[in-house]
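Structural description and commentary
Given next are the chains, with one letter for each unit.
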Amino acid sequence: MAGLSVAPKRKEIYKYEAPWTLYSMNWSVRPDKRFRLAIGSFVEEYNNKVQVISLDEDSAEFSAKSTFDHPYPTTKIMWIPDAKGVFPDLLATSGDYLRIWKAGEPETRLECLLNNNKNSDFCAPLTSFDWNEVEPNLIGTSSIDTTCTIWGLETGQVVGRVGGTGNCVSGHVKTQLIAHDKEVYDIAFSRAGGGRDMFASVGADGSVRMFDLRHLEHSTIIYEDPQHRPLLRLAWNRQDPSYLATISMDACEVVILDVRVPCTPVARLSNHRACVNGIAWAPHSSCHICTAGDDHQALIWDIQQMPRAIEDPILAYTAAEGEINQIQWGATQPDWIAICYNRSLEILRV
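What you see is a predicted model, and the numbers here were worked out from it, not measured in a lab. (Residues numbered from 1 in each chain as written. Predicted model: local features only at pLDDT ≥ 70, side-chain atom pairs only at ≥ 80, totals over all residues. Heavy atoms only, no water.)

1. Points about the overall build of the chain
The condition that has to hold: Secondary structure follows DSSP: runs of H or I at least 4 residues long count as helices, runs of E at least 2 residues long count as strands, and numbering of each begins at the N terminus. Any two residues whose heavy atoms approach within 4.5 Å are treated as being in contact. Residues scored as charged are limited to Lys and Arg (positive) and Asp and Glu (negative), so that His and the chain ends carry no count. Throughout, a charge is located at the NZ atom of Lys, the CZ atom of Arg, the CG atom of Asp or the CD atom of Glu.
Counting its regular elements, the chain contains zero helices and 28 strands. A principal-axis box enclosing the C-alpha atoms of the chain has dimensions of 65 × 50 × 40 Å. Considering only residue pairs separated by 6 or more positions, the chain has 49% of its internal contacts joining residues 24 or more positions apart. Distance between charge centres in the chain, computed from 32 positive and 44 negative side chains, equals 5 Å.

Following this line, the structure appears as structure tokens:
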């Protein structure tokens, strides 16, 4: 059989066991780093870690490429949304502050720390952030102090950096606004209207609010939870900017909203048997969304038939050995969904 190579059957699931409980996680976006993710520890003390891991497709094993210290657990991790690979290889984390890191193997180093609390020693922790896909020089953060902050980043060109010294990223506050009556738990830019200026936020007051950076004197309330339960997460449909999904605290269902019909959910996805922790829209399809929760399940739904009721998911992954607290659907890897539970990260082929 010399000269005849049989392609190995590709696995459907790859698993990585971290040295600590996982919380935040995200896919790298660069086309030359296909199966690369960043993961953040959840240790209830000051000293935490972030790790960059990557799948070797030949050995079918994940390995850590870089591990670095992080104060407090990261509430979110994102790689720069740079699908062409033209910016420096950056990732951002939120926690006590927003930090921008330059990825390297083995050393990932801090490029800048963005602090909007200049006048006090007290810092209001950041609950989440979003990195604008259309304009990667914009990052929006949400905080427990009721505000959202939009940061402008300057990423210097890496060309001609002599000796590798000097940071290539700096940032400034473009605007800060009081977004909610209570803590803000999540923020996400919309692709509507060019994708630069519109964003939405959710918070402890139970509302979804929409903002336009060109008209910050007013906001639009898109939805209010009938029981005024805090809303923890929101996610925009990645193909159709009319739709977004949100989850409320301790709820077993996901609410789908249509911004053209405010205040009335267009669908409710309610097959989870315990609270939902994560939502991720398909990067390549307007009608698929994945939800995951404390019932150890990740469910994929087809919402094409809205506004008719959506009874059941089209795919269910029920083999997770713990409560799934994080889910991400990779933009450059639309066939793969990543989930975290306990100390495990799994990527699942869909």
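2. Quick look at the UniProt feature "repeat: WD" (unreviewed entry) in the chain
What counts is decided by this rule: UniProt positions are given in the numbering used here, feature names are shortened, and annotations may be inferred rather than shown by experiment.
Under the UniProt annotation, the feature "repeat: WD" (unreviewed entry) is placed at residues 269-311. This span, residues 269-311, is 0% helix and 42% strand, and a straight line between its end C-alpha atoms measures 8 Å.

3. Quick notes on the sheet that holds strand β6 (residues 76-79)
Two orientations exist for strands paired in a sheet by backbone hydrogen bonds: parallel and antiparallel. Spelled out, the test is: For two strands to pair, DSSP has to find at least two bridges joining them. Lines fitted to C-alpha atoms define the axes, with helix axes restricted to the stretch in contact, and inter-axis angles between N-to-C directions lie between 0 and 180 degrees.
Taken together, the four strands give an open sheet; going across it, the order is β6-β7-β8-β9, and neighbouring strands pair in antiparallel fashion. Here the strands that pair on one side only, and so sit at the sheet edges, are β6 and β9 (109-114). The mean inter-strand angle of the sheet, taken between neighbouring strand axes irrespective of direction, is 20°. Summarising the sheet, β6 and strand β7 (residues 90-94) pair through four bridges and their orientation is antiparallel. Across the sheet, Lys 76 pairs through a bridge with Ser 94, a residue of β7.

4. So, the packing of aromatic side chains
The test is simple: Between 30 and 60 degrees the pair is tilted, below 30 it is stacked and above 60 it is edge-to-face, where a pair is any two Phe, Tyr or Trp rings, Trp via its six-membered ring, whose centres lie within 6.5 Å. Should the NZ of a Lys or the CZ of an Arg lie within 6 Å of a ring centre and within 35 degrees of the ring normal, that charge is described as sitting over the ring.
Inspection of the entire model under this criterion finds nine aromatic pairs. On the numbers, 5.2 Å between centres and 20° between planes, the contact of Phe 199 with Phe 211 is stacked. Residue Phe 199 is located in strand β15 (residues 198-203), and its partner Phe 211 is located in strand β16 (residues 207-212); the two are separated by 12 residues in the primary sequence. Positioned above the aromatic ring of Phe 129, the side-chain terminus of Lys 76 is 5.9 Å from the ring centre. Note that Arg 260 overlies the ring of Tyr 243, its terminal NZ or CZ placed 5.5 Å from the centroid.

5. Points about unusual backbone geometry
Backbone geometry follows two general trends: most residues other than glycine have a negative phi, and most peptide bonds adopt the trans configuration. A cis amide bond, omega 5°, links Glu 105 with the succeeding residue Pro 106. Omega for the bond connecting Met 306 with Pro 307 falls within 30 degrees of zero, at 5°, which places this linkage in the cis form. Tracing the backbone through its elements, the reader meets Pro 307 in the loop between β24 (298-302) and β25 (315-317). In this structure, Cys 263 takes a positive phi of about 75° despite not being glycine. With respect to the element layout, Cys 263 can be found in the loop between β20 (254-258) and β21 (267-269).

6. So, the environment of Asn 271
Operational definition: A 1.4 Å probe rolled over the protein chains alone gives each residue an accessible area, and that area as a share of the maximum for its type sets the label: buried under 20%, exposed over 50%, partly exposed in between. Counted as a polar contact is a pair of N or O atoms within 3.5 Å, where, for protein atoms, one must be capable of donating a hydrogen and the other of accepting one, and residues adjacent in sequence contribute only when both atoms are in side chains.
Structurally, Asn 271 is set in the loop between β21 and β22 (276-281). Given a relative accessible area of 26%, Asn 271 falls into the partly exposed group. Residues contacting Asn 271, with those up to four places away along its chain left out, are Gln 297, Leu 299, Trp 301, Glu 311, Asp 312 and Pro 313. Reaching out from Asn 271, the side chain makes a polar contact with the side chain of Asp 312 at a distance of 3.0 Å.

7. Points about the pattern of salt bridges
The condition that has to hold: When a carboxyl oxygen of Asp or Glu is within 4 Å of a side-chain nitrogen of Lys or Arg, the pair counts as a salt bridge.
In this structure the tally under the stated criterion is 17 salt bridges. Asp 89 is the partner of Arg 36 in a salt bridge, and the nearest nitrogen-oxygen pair spans 2.8 Å. Note that Arg 36 is positioned in strand β3 (residues 36-41) and Asp 89 in the loop between β6 and β7, a separation of 53 residues in sequence. You can call Asp 89 buried: its relative accessible area is 12%. For Arg 214, the salt bridge goes to Asp 197, with nearest N and O atoms at 3.5 Å. Separated by 17 residues along the polypeptide, Arg 214 in the loop between β16 and β17 (220-224) and Asp 197 in the loop between β14 (184-189) and β15 bring together distant segments of the chain.

8. Considerations on a nonpolar patch on the surface
Going by this rule: Each patch groups residues whose relative accessible area exceeds 30% and which form no salt bridge, using 9 Å between like charges and 5 Å between nonpolar side chains of Val, Leu, Ile, Met, Phe, Trp and Tyr. Accessible surface is estimated by sampling points in the Shrake-Rupley manner with a 1.4 Å probe; for residues, cover comes only from the protein chains shown.
Together, Ile 314, Leu 315 and Val 350 make up an exposed nonpolar region whose accessible area comes to about 250 Å². Here Leu 315 lies in strand β25.

9. Observations concerning the nonpolar core
In globular proteins that are soluble, nonpolar side chains generally tend to be buried together. Stated precisely, the cut-off is as follows: Nonpolar cores are built from buried Ala, Val, Leu, Ile, Met, Phe, Trp, Tyr and Cys residues. Side-chain atoms within 4.5 Å join them into one set.
Counting 19 residues, the largest nonpolar core has Val 254, Ile 256, Leu 269, Trp 281, Ile 289, Ile 303 and Met 306 as the members making the most contacts within it. Where this core is concerned, the elements lending two or more residues are β19 (243-248), β20, β21, β22 and β24. Ala 18, Leu 55, Phe 62 and Ala 338 belong to the second largest nonpolar core, which has 18 residues in total.

10. Digging into the sheet that holds strand β23 (residues 288-293)
Judged by pairing direction, the sheet is antiparallel, and its four strands sit side by side in the order β22-β23-β24-β25 without closing on themselves. The two strands at the open ends of the sheet, each matched to only one other strand, are β22 and β25. Ignoring strand direction, the axes of neighbouring strands in this sheet form an average angle of 15°. The sheet contact formed by β22 and β23 spans five bridges and is antiparallel. Within β23, the residue paired with Ile 279 across the bridge is Thr 291.

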